[in-house]
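Each chain, written out:
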Amino acid sequence: MISSVLPTYSRAPLHFVKGEGCWLIEEDGRRFLDMGAGIAVNCLGHAHPALVAALTEQANKIWHLSNLYEIPQQQELADKLVAATFADTVFFTNSGTESCELAVKMARKYWYEKGQPEKTDIVTFTGSFHGRSSAGIAAAGSEKMIKGFGPILPGFIHVDWADHDALTAAITDTVGAILIEPVQGEGGIRPLPDQCLKGLRDLCDEKGILLILDEVQCGMGRTGKLFAHEWAGVEPDIMMVAKGIGGGFPLGAVLATEEAASGMTVGTHGSTYGGNPLACAVGSAVMDHVADPNFLAQVNRVAGTLRQRLEGLVAAHPDVFEEVRGSGLMLGLKCRKPNADVVKVGYAVELITVPAADNVIRLLPPLTLTEDEAAEAVNRLDAAAQSLS
Ligand SMILES: *Cc1c(COP(=O)(O)O)cnc(C)c1O
């Protein structure tokens, strides 16, 4: 008999009842060090007092209005995002997938309004992940995600990650945009080198097409800058955000330049819940912390120590681990043993990590991770690796 919850997930037999900072407490009292943060979501850890206060304060006033009316919390968060980034304007969604939907619609509408309606194609990359909607799975194009779900939304051209010639050849007259994650998350923590992101920006400028960045996983301070593309010193035209921006409350956003957003006029897009007062009150509190240069400096310091310790771990267990990769607190350990086994022995030593493609385990801790917690995470990984050797 089918389970009452649609059985699409493979769940670990863990029952967490409470979270405190970087720690998750199991029903039986065990304390797990959370190096997954709900897949890069709980950027300020669990039950951060500022987020709890923002949420409960707003909950006592008003939960939901409708975008039929002014929502001051939405305005406030949009102003903060515009002030801190390349963007001139923001649309709020509830998830990364919804942000992908709008990014695709915005790019197509842009070209339609420019009198070049043929420019509907978007170039994307193998190993990418952009969500589970019809556009999201078509954009990523992996066999695993699209099989059985046809007809697949047309208009995506998939290019091999790092194949420059294929990329140049793919930019034909029907291409209106390039869509890429600056650091692939689900694909196995594969960072795009800064010079490649610069090259993509140049290519888009040369061809006069839009650059869309998916920073759903790598954004909101995860790499040690507010957004990952800042490391390369370039700016996108459109950017998808979600995960960390709500700190655990469902919230997503699409950020864009005035030019790229110019097709999105009254009535062209909308959302019932998108930008609701609760989500935006929390998002605003998240921004106050994560956009602070002192906070980001601390993220970079801890990330530096964590990475150094992980390099030592890999050197100590060459039969279990192959390499460390990633950026900031978005780190991957490429495994020699099956990554699912490494995640599982992690549970035995009360450590949470997240598997990804390419036989990688991801370390995506709360950005509030301390030096001591970073050291403890590596100690636990060391114990886990010993049990696999
Ligand atoms: C998680 C993720 C998405 C999808 O976000 P949801 O909130 O799960 O819809 C899209 N793109 C990237 C890069 C992601 O990591």
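Rules of the game
- Residues numbered from 1 in each chain as written.
- Predicted model: local features only at pLDDT ≥ 70, side-chain atom pairs only at ≥ 80, totals over all residues.
- UniProt positions renumbered as here; feature names shortened; annotations may be inferred.
- Buried ≥ 20, exposed ≤ 12 C-beta atoms within 10 Å, placed from the backbone.
- Helix = DSSP H or I, 4+ residues; strand = E, 2+ residues; numbered from the N terminus.
- Pairing = 2+ DSSP bridges.
- Near = placed C-beta within 6 Å.
- Axes fitted to C-alpha atoms, helices over the stretch in contact; angles between N-to-C directions.
- Parallel < 35°, antiparallel > 145°, perpendicular 65-115°, else oblique.
- Left-handed = near helix turned anticlockwise from the far one by under 90°.
- Contact = placed C-beta atoms within 7 Å.
- Nonpolar A, V, L, I, M, F, W, Y, C, P; charged D, E, K, R; others polar.
- Arc of directions from axis to C-beta.

Labelled according to an unreviewed UniProt entry, the protein chain appears under the name Acetylornithine aminotransferase, originating from Mesobacterium hydrothermale. Per UniProt, the comment on the protein chain under Catalytic activity (unreviewed entry) is "N(2)-acetyl-L-ornithine + 2-oxoglutarate = N-acetyl-L-glutamate 5-semialdehyde + L-glutamate". For the protein chain, the Subunit (unreviewed entry) comment in UniProt is given as "Homodimer."

Enquirer: What is the right way to look at the pairing of strand S17 (residues 360–363) in this model?
Expert: Residues in a regular strand point their side chains to alternate faces of the sheet. Neither face of S17 is open: one carries Val360 and Arg362, the other Ile361 and Leu363, and all of them are buried. Here three bridges tie strand S16 (residues 354–356) to S17, and the two strands are oriented antiparallel to one another. From the neighbouring strand, Pro355 faces S17, where its bridge partner is Ile361.

Enquirer: I tried to follow the site of the ligand on my own but got confused; where do I start?
Expert: For the ligand, the set of nearby residues contains 15 residues, the closest of which are Ser95, Gly96, Thr97, Val216 and Gln217. If one sorts the elements of the shell around the ligand by residue count, helix H4 (residues 96–113) sits on top with three residues.

Enquirer: Any chance you could explain the packing of helix H10 (residues 293–316) against helix H12 (residues 371–388) here in plain terms?
Expert: In a pair of packed helices, the angle between the axes and the distance between the axes together describe the arrangement. Close contact between H10 and H12 brings their axes to 9 Å; oriented N to C, the two are set at 15°. On the basis of the axis angle, H10 is roughly parallel to H12. Crossing of H10 against H12: the hand is right-handed. Here H10 contributes Val302, Thr305, Leu306, Arg309, Leu310, Leu313 and Ala316 to the contact with H12, which in turn contributes Glu371, Ala374, Ala375, Val378, Leu381 and Asp382. In the contact of H10 with H12, the residues fall into nine nonpolar, one polar and three charged.

Enquirer: Hey, could you run me through the sheet that holds strand S10 (residues 210–214) in this one?
Expert: The pairing of strands in a sheet comes from backbone hydrogen bonds and takes either a parallel or an antiparallel form. Read across the open sheet, the seven strands follow the order S4-S12-S11-S10-S7-S5-S6; overall the sheet is mixed. At either margin of the open sheet sits one strand with a lone partner, and together these are strand S4 (89–93) and strand S6 (156–159). When the angles between neighbouring strand axes are averaged without regard to direction, this sheet yields 20°. As paired elements, strand S11 (residues 238–241) and strand S12 (residues 252–256) share four bridges and run antiparallel to each other. What sits directly across from Val241, in S12, is Ala253.

Enquirer: Sorry, what's going on with helix H11 (residues 339–348) here?
Expert: Think of an α-helix as turning once every 3.6 residues; residues three or four places apart then point the same way. When H11 is considered as a whole, its buried residues turn out to be Asn339, Val342, Val343 and Gly346. Mapping the buried residues of H11 onto a view down its axis gives an arc of 100°, with all of them on the same face. Of the residues in H11, the exposed ones pointing more than 90 degrees away from the buried face are Ala340 and Ala348. Buried-residue contacts for H11 involve strand S14 (330–335), strand S15 (351–352), S16, S17 and H12. Among the residues trailing H11, Glu350 stands out with phi positive, at a value near 60°.

Enquirer: When you look at the environment of His269 in this model, what are you seeing that I'm missing?
Expert: Assignment of secondary structure puts His269 in the loop between S12 and helix H9 (277–290). C-alpha of His269 to C-alpha of Lys105: the two residues are 164 residues apart in sequence and 8.8 Å apart in space. What His269 contacts, discounting residues up to four positions off in sequence, is Phe91, Leu102, Lys105 and Met264.

Enquirer: Please explain unusual backbone geometry as it appears in this structure.
Expert: Leave glycine aside and you will find that most residues have negative phi; peptide bonds, for their part, are mostly trans. At the junction of Gly150 and Pro151, the peptide bond is cis and its omega measures out at -5° in the coordinates. Here Pro151 shows up in the loop between helix H6 (143–146) and S6. Non-glycine residue Ala47 carries a positive phi angle of around 55°. Its location among the elements puts Ala47 in the loop between helix H1 (37–40) and helix H2 (49–59).

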